[in-house]
Structures are given as structure tokens and as C-alpha cells.
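Structural features, examined
The residues making up each chain are set out below.
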Amino acid sequence: MEFRIAADELKKALHRAQGIVERKATMPILSNVLVNATKTGVTVTAFDLDIGIVSEHPAEVMKPGAVTVSAKTLFDIVSLIPDANLTIKKLPNNYAEITSGAAHYKIVGMAPEEFPKLPKEDATHLVKLTGSTILEMIKKTQYAISNDETRYILNGVFFEPREGHKVRMVATDGHRLALVEREMAGDFKLKSGVIIPRKGLFELKRLLDEAPDAECQLGFAENSALFKKPGLSMVMRLIDGQFPEYQRVIPKEGEKQVMIKRATFFDALKRISLLSADKSSAVKLSLSENLLRITANNPELGEAKDDIEVAYRGPSLTIGFNARYILDVLGALETDEVTLELGDEHSPGVLHAPGDKEYTAVVMPMRV
Amino acid sequence: MTRAIIHVDMDAFYASVEQRDAPALRGKPLIVGGHPQRGVVLAASYEVRPFGVRSAIPMARAVKLAPHAIVVPPRFAAYVDASEAVFRIFERYTPLIEPLSLDEAFLDVTGSLGLFGTVEAISTRIRQEIRREVDLPASSGIAEVKFVAKIASDFGKPNGQHVVPPGTSRTFLAPLPVSRLWGVGPKTEEVLKRHGLLTIGDVAQKELEWLVQRLGPSGQHFWELARGLDERPVVPDRDAKSVGAQDTFEEDLLGEEKLKPHLHSQALRVGRRLRKSGVKARCVQLTVKYDDFTQITRRLTLDAPTDDGQALYREALALLQKADLRRRIRLTGVSGQELTSGAGQLGLFAADEPEQKNVKLNQALDAIASRFGTKAVITADLREDDPDEARDGFYSEDKREAAARAEFERGQQGPRVIRDEDLVYVPEE
């Protein structure tokens, strides 16, 4: 195998692979990329047994073939080579030779046949995606994904088809929940919702961020998802299990509704939660006529309070929240104002962007 | 700054409550105890003490020592009531109250001197008010530091108080035997005696380096105590860093089945104390001391903070199963650590909170316990005269236990302590 490729092209491929290759390397070959040269160009494959990515790049192929070498080593080399182009050549014993200008490397590789095969996804039904829509949906839900590995069902986003080509994405860690529903270009033909794992979701986000307007497609086969855009495809294993019945925990319209300036609310929560007790950012919200008071106290540090003028008429309420949970929601929104709906001090708070009933953030209170 | 610390200790607490409530028992040799064969002495009135009857000795032995003594079964509800009344009196004088058990507490009244006069006057008032309102005798010790105050209260007994004026702690301690130093157990005592150190004064005169060389890091601790230096603050329960219960067994125990009831009793007591203080524990720690005095601690972080004794028991048992159960064990302890105020995050899904049921159950059990005592409802594996709980409720001067307790208070820094790595670490979400 021998080919000549632009350093930038290869760098792009390896950059994509970095997020996927296993660092902990239970199987050493999972730290590698598979570089395959064919008559049409070069593909770079990374696979951690859950997520696999194949990146296609133009190259001048002198002799087809494949090598597999450490993704990190190759990336570091390509980042520092002196020339705009490089040549990779396979040597006996799976060595790979890299030449660029006067720089020359001979790096250790493994037998390409040992690189695990990605699942075949040719028959998957694909639907065209609008990158910006999916990006928005990810942004508005990812913060609520659980980090608790013992609750692996919650370590991803629930992707649920709705009527009229709509799709819902729901994430929850058991304390808060984020739900967003948007219209898609077609029908995913899913019988029920699927759970996209966090790592796959973040990779998807990274790939979409490269070019949000590029044409791309998403589809689902049994227990896996396939994402395609020109020159790239990604498969990922889905989380196998039953997502909790999230509809149950979304309250009907709260009896107390207040409209708050988003930036003002955000800043006040940040400053007051500096004095929260414990490791949780517990703050108390006291809602009374036209006033939202945020307080925090920490027996070791002291106490803090801030008042925000709001448009509110109705019964007073004092309720505790983890400020971080509300900050996450406010940070994911773009509108000038948000509405906060509350029931009593044990009922969840619901945040909306005004005019967008298809985005709902639910946050459970804290006992204070 | 010079502190004013009072150690208040009720005299023969359970027995005094019995004598108070039954005039016929007054002035008589009285033993409060469990089952005549299996149980232990929970309290002995002063009238029976000359015969060698002390709390925590087996009932069978006590009855032999004092065949004429009257034996009554314990009424825990009455003791809890009396204890609460006594602590309410403490609260009039300072918020800095560190309970050691039902009948014993440290009070830091440094900040109250301006209001109530001298520390002696406060101590006298407290004891008078206990006598007048609760009709029970109490003794107290007054000193600059906790360690000295605790010893001084023994000098005040019965029904008196002993003051160690500022600056005289070292003179006061000097003639006492080394075994009175907190943390000196039988083994350390032996080492000290071998080197001719019989009194606390002997220890105080030794160079620090000499002690550290022979006793390890605790050498410094003993040296400081011997000189009347004890910086530890009076820590109210609610500010405590951990809540624990531990017991040295009557005899060393072998095997999980023998240990389980003790662990259960300890976990339930920790749960009760957590709930009483309105805090929850994020971590559970198990302490195991083997028969050769080596001690291990194992700890794990819970998914969610808890104040449920049953949940603590499950975790403690799992930790126990990782200890070396082929060896005889002389002590186990369960403690809840990394306490967090009741401010709890509520969950979205009911199924996430299997605790909910237990919260209500515990509320009900606590309500029953506050009226009828902690013995009114017990789990099936525990004895009604649970000797662990009895000793937990009644502090005894039994040396074995005193040593264990002192080590516990020392934060387990002694030379015999092997601290294991955390077994599980669950990072904060």
C-alpha cells in the first residue's frame, strides 16, 4: 500500500477519529485507526465497538492496501510535518512509513485484518436531516443526560418519533428533564423510540458542527443508528432498554406562572449560588407579588440574596432548587425571556421559552 | 483564648430514673438490667456499686456479686424523656452542646459567661435545674479543655462538681494513672508502664520525641493530653462531621452471622441519630477491629444521601463481607459520613425513591420511639435487651469500652489503625 495525501485532509480524518478511539485500550487495536487505500481514495476508520466512523478522503493512490496504526501517534505526526503533503507506505511486518519533505517516520502498526469490522448498514432507511435543527435539539437536551453509569438507560437521549414527521428528544437524570420536539423531513419508520448514547450524540454534534448546513441523513436499523454526510458515515450502537415513562412526570400547566428576563435570572442565580450549602447549588426562590427573591445560605460561609422584579400576581411560594439545574436550562435557551411555572414547594418547576410550547424543561425542587 | 467547658454526667442515670419514679427503690441497691442470664447490667445504683457491680458486666455475674440487689427491667422511654428534659436545660445556657450519650454531654459556655456569670455558677445552675425540674442527680466537671472536664466530672461524683481552674490542668492530671489518658488501651498502658511511666505526670515530663519514637503519632497526642492540651472543640450533633455507633463486644466474635445483629443495631442507631439531627449521610464507613487490635475502616459513597438505618445496614453488611471474616472480631462500628443538611433533591420518578416508603416508616418509628422508647418496636434479629444499645445509651467506665471510645474520638489516627483506600468512589453528578 502506498498513497500520497494532503496533510489537511488526513488531519481532518484523524481529528474526527480522536473522539472515538479508546484511550483506555482494553483491546490495543481500538486505539488505532484503520487506513485503507483504494482506487477511489483513502478511508480512515475508527471504532470502539459502540461507535464507528468512516471518513473518506481524496488521495493519490499508488498501490491499494491497508494499515492500522495508533490514532494518536499518527495525528501528532501529521500535525507537525513540514510539508503540505505526505506519503504513507506499508512496510513488511505492518510497519507504516510516513514521508513528508525530508521528514521520515517508520511507525509500528498491527495487522489490518485484526481491526474489528463495523456492522453493515446498507439497508438502513435514511431520512434527510437539517443539521441546524438536530444541533438545536441536542443543545436543548444534552445537559439533562445522566452521568450515573449505574443508570445506563438514562445515559443517552430518547429519540421518539411523533405524528407528522415530528421527532421528540428527551433527556433526564431523574432530577430534571428536557424535552424538545421538532419537525423532520421524513418518517424514520421507527416503531417506538430509541435511546442514543451520550458519546454518540456528542460525536454527532461534532460532525454536524463541522458544517451545519451540509446535506446529511440519519436512519435506524435494529439496535443501531447510521449517520451519513458526504465523505463520512458513522454507525453507533443504541442503548438497549426501556426509557422511563417521561410523560407522567411532566406537570400540566402550573398554577403559578411568572415571566422572567433570562439573562437577569441567569446572572442572579449564578451570583447567589456562590453561597449555597453543601456541594449542591441549593438556592431558595421566594415568589411574591411582582418579586422573585433568590437566597442562599451556607452555615460556613454566610448568606446571600438578590431580588428580581417580575410580572406576577398570585399566591406566594417559597421553593428550593439546585441552581445548576436551572442555569443549564437558561444557558440552552436563546430567548430574552423565560416562563417559570410552579405548583407547590414539592412539585416540579417547568421552564419554557415563550412561544415555544414544544420545548419543556422540568426541574424537581430540593427540600430546604 | 481560654475556654470554659463543662462536662455534665448524670449519676447512675437509668437507676436514678427508676428510684425517682418508685420511691420504694430509693436508698436501695438497684440494678437495671436485661435478662438475668443473658443480659448485661445497664445501670447500677450507688448503693450496689461497693459490691463491684458496674454497668456492662453480665447480669449473671452481677447477681452473684450482689444477691441482695433489686433488679428491674429497663424502661427506655422514661430514660429518653428524662434525657430530653436534661438537654433542654443545657440549651438555656449554650447552643454548643455535644452529646456523648443519653446522659452525658460537653457544653462550651465560653460565650455565655457574659450573660450568666462564672462557669462555676452556670454549672451549679444547670445541676440545680436538673434536680428541681427533672428530679435527678447530675455531676459536672469544669475545665479549659474537654479531656480534663471529662475527668473532673468523675471527681465531682456523685451529685457534685469539680473545677479545674485555668492553668492548673497539668497539676490536676499529674497524679492520675496513665490509663485515664484518652486512647490509652491495655497495650499502650503496658508499653508505658514498662518504661516506668505510671502517672499522667510521668508522661507529661517525657520529651515529645521519646514518646513519638515508642508510640508513633499517638505519642504526640498522649503528650499533649498529659499536659492538659486538648484543642478539640465542642461539636454540636448537627455540625458533626460524622455520626457513628460502635461497640466492643463482650467476647470476640467469629463469623458474619454472629456480627450481623450488632451491625444492625449500630446502623439503626446511626439512622436514628441522623434523623434526630436532621442530616443525611453521603458515605457509610465500617470499622472493624480484629482480636489482635488491628483495625480497618472501609467506606463507600451512597447513590443518594440517606438517614435510613436499614439502608445503612445493607451497605455496612456489604462492607463487612469484604473484611476478613475468618478472624475473630472484637469491635465493629458503623458511621455515616459527609453529612448533608436535610436539603434533599427530589426525584422525578417515584420508582427512583424506594426510600419514600422508609421515610414514612422511619417517621412512624421515631414517633413511637419518642413516646415509648427505642425498644417499643425492634427488628426481629435484635434482642430487647440489646447490650450494644444499652451501652450506647449508658456510658460506662469499662476500660475496654473506654479505650474503644477514646480511639473513636481520636479520629482513628492511632498507630494500630490501618486505613484502607476507599472501596468505591461515586463522583458527584
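The geometry of an aromatic ring pair comes down to the distance between the two centres and the angle between the two planes. Enumeration over the complete set of coordinates arrives at 14 aromatic pairs over all chains. When the centroid spacing of 6.4 Å and the interplanar angle of 65° are considered together, the rings of Phe243 of chain A and Tyr246 of chain A count as edge-to-face. Among the aromatic residues, those joined into a cluster by ring pairs are Phe158, Phe243 and Tyr246 of chain A. Positioned over the ring face of Trp210 of chain B is Lys206 of chain B, at 4.5 Å from the centre of the ring. Seen from the ring of Tyr290 of chain B, Arg327 of chain B lies directly overhead, with NZ or CZ sitting 3.9 Å from the centre.

A few words on the sheet that holds strand β4 (residues 70-72) of chain B. Through backbone hydrogen bonds, the strands of a sheet pair up, either in parallel or in antiparallel fashion. All names here are of chain B. In space, the three strands of this open sheet follow the order β3-β2-β4, with mixed pairing throughout. The strands lining the two open edges of the sheet, one partner per strand, are β3 (41-44) and β4. Direction aside, neighbouring strands of the sheet carry axes that sit 25° apart on average. Taken together, the three bridges between strand β2 (residues 30-33) and β3 define a ladder with antiparallel strand orientation. In the sheet register, Ile31 faces β3, and the bridge partner there is Ala44. Sitting on the sheet, helix α1 (residues 13-21) is in contact with β2, β3 and β4, with an inclination near 115° to β2.

Residues and elements named next belong to chain A. Two numbers describe how helix α5 (residues 262-272) lies on helix α6 (residues 323-332): the axes approach to 10 Å, and their chain directions differ by 150°. It follows that α5 is roughly antiparallel to α6 by the angle criterion. Note that α5 runs across α6; the crossing there is left-handed. Of the residues in α6, those touching α5 at Arg262, Phe265, Phe266, Leu269 and Lys270 are Ala323, Ile326, Leu327, Leu330 and Gly331. Split into classes, the residues belonging to the contact of α5 with α6 amount to seven nonpolar, one polar and two charged.

So, on to unusual backbone geometry. Residues and elements named next belong to chain B. Along the chain, Lys157 connects to Pro158 via a cis peptide bond; the corresponding omega equals -15°. Relative to the helices and strands, Pro158 is located in the loop between α6 (146-156) and β8 (161-163). Positive phi values are uncommon outside glycine, yet Asp135 reaches one of about 60°.

Residues and elements named next belong to chain B. Reading across from one edge, β5-β6-β1-β7-β8 is the order of the five strands in this open sheet, with mixed pairing throughout. If you trace the sheet from one side to the other, it starts and ends with β5 (97-101) and β8, each paired once. Shown here is a sheet whose adjacent strand axes are inclined to one another by a mean of 15°, direction ignored. Bridge count for strand β7 (residues 138-143) against β8 is three bridges, and the pairing is parallel.

Another point: the packing of helix α3 (residues 76-90) of chain B against helix α5 (residues 119-134) of chain B. Residue and element names in this part refer to chain B. Following both chains from N to C, one finds α3 and α5 inclined at 140°, their axes separated by 10 Å at the closest point. Overall, the two elements α3 and α5 adopt an arrangement that is oblique. When you trace α3 past α5, the crossing you get is right-handed. In this structure, α3 contributes Ala82, Ala85, Val86, Ile89 and Phe90 to the contact, and α5 contributes Ile126, Glu129, Ile130, Glu133 and Val134. Of the residues that constitute the contact of α3 with α5, the class distribution is eight nonpolar, no polar and two charged.

Turning our attention to the environment of Tyr152 of chain A. Residues and elements named next belong to chain A. Within the fold, Tyr152 resides in the loop between α3 (131-141) and β12 (156-162). Its relative accessible area of 46% is what places Tyr152 among the partly exposed residues. Look past the residues within four positions of Tyr152 in its chain and what remains in contact with it is Ile239 and Asp240.

With 100 residues, the main nonpolar core has Phe265 and Leu285 of chain A as its most contacted residues. With seven residues, α6 of chain A is the largest single contributor of residues to this core. With near-sequence residues (within four places) excluded, Leu285 of chain A lies in contact with Phe265, Leu269, Leu292, Arg293, Ile294, Leu317, Thr318, Ile319, Phe321, Ile326 and Leu340 of chain A. Listed in part, the 37 residues of the second largest apolar core include Val8, Phe76, Val119 and Val134 of chain B.

On to the pattern of salt bridges, then. Side chains that differ in sign of charge can pair as their charged atoms come close. Under the counting rule described, the total for this entry stands at 42 salt bridges over all chains. Of the charged contacts in the structure, one is a salt bridge between Lys157 of chain B and Asp9 of chain B, with a shortest N-O distance of 3.7 Å. Of this pair, Lys157 of chain B sits in the loop between α6 and β8 while Asp9 of chain B is found in strand β1 (residues 5-10), placing the two residues 148 residues apart along the sequence. For Asp9 of chain B, a relative accessible area of 8% corresponds to the buried category. The residue Asp247 of chain B makes a salt bridge to Arg269 of chain B at a minimum N-O spacing of 2.8 Å. You can see Asp247 of chain B sitting in strand β9 (residues 242-253) and its partner Arg269 of chain B sitting in helix α12 (residues 256-277), a full 22 residues away along the chain. Among the residues examined, Asp247 of chain B registers a relative accessible area of 4% and is labelled buried. A single network of salt bridges, built from pairs that share partners, joins Glu136, Lys140, Arg182 and Asp356 of chain A.

Position of His264 of chain B relative to the elements: it lies in helix α12. His264 of chain B gets classed as buried once you look at its relative accessible area, which sits at 6%.

Residue and element names in this part refer to chain B. Topologically, Ser112 is positioned in the loop between β6 (104-108) and α4 (113-116). According to the relative accessible area criterion, Ser112 is buried, its value standing at 6%. A polar atom in the side chain of Ser112 sits 2.6 Å from the backbone oxygen of Tyr93. Excluding its chain neighbours within four sequence positions, the residues that come into contact with Ser112 are Tyr93, Thr94 and Ile122.

Next up on the list: the environment of Asp81 of chain B. All names here are of chain B. One can find Asp81 in helix α3. In this structure Asp81 comes out as partly exposed when scored by relative accessible area, which is 38%. Separated by 290 residues in the primary sequence, Asp81 and Arg371 place their C-alpha atoms 8.1 Å from one another.

Thresholds, definitions, all that
Residues numbered from 1 in each chain as written. Chains lettered and ligands numbered in written order. Predicted model: local features only at pLDDT ≥ 70, side-chain atom pairs only at ≥ 80, totals over all residues. Heavy atoms only, no water. Phe/Tyr/Trp six-rings, centres within 6.5 Å; stacked < 30°, edge-to-face > 60°. Lys NZ or Arg CZ within 6 Å of the ring centre and 35° of its normal. Pairing = 2+ DSSP bridges. Helix = DSSP H or I, 4+ residues; strand = E, 2+ residues; numbered from the N terminus. Axes fitted to C-alpha atoms, helices over the stretch in contact; angles between N-to-C directions. Contact = heavy atoms within 4.5 Å. Parallel < 35°, antiparallel > 145°, perpendicular 65-115°, else oblique. Left-handed = near helix turned anticlockwise from the far one by under 90°. Nonpolar A, V, L, I, M, F, W, Y, C, P; charged D, E, K, R; others polar. Buried < 20%, exposed > 50% of the residue type's maximum accessible area, 1.4 Å probe, protein only. Core = buried A, V, L, I, M, F, W, Y, C linked by side-chain atoms within 4.5 Å. Salt bridge = Lys/Arg side-chain N within 4 Å of Asp/Glu carboxyl O. Polar contact = N/O pair within 3.5 Å; in protein donor to acceptor, adjacent residues only side chain to side chain.

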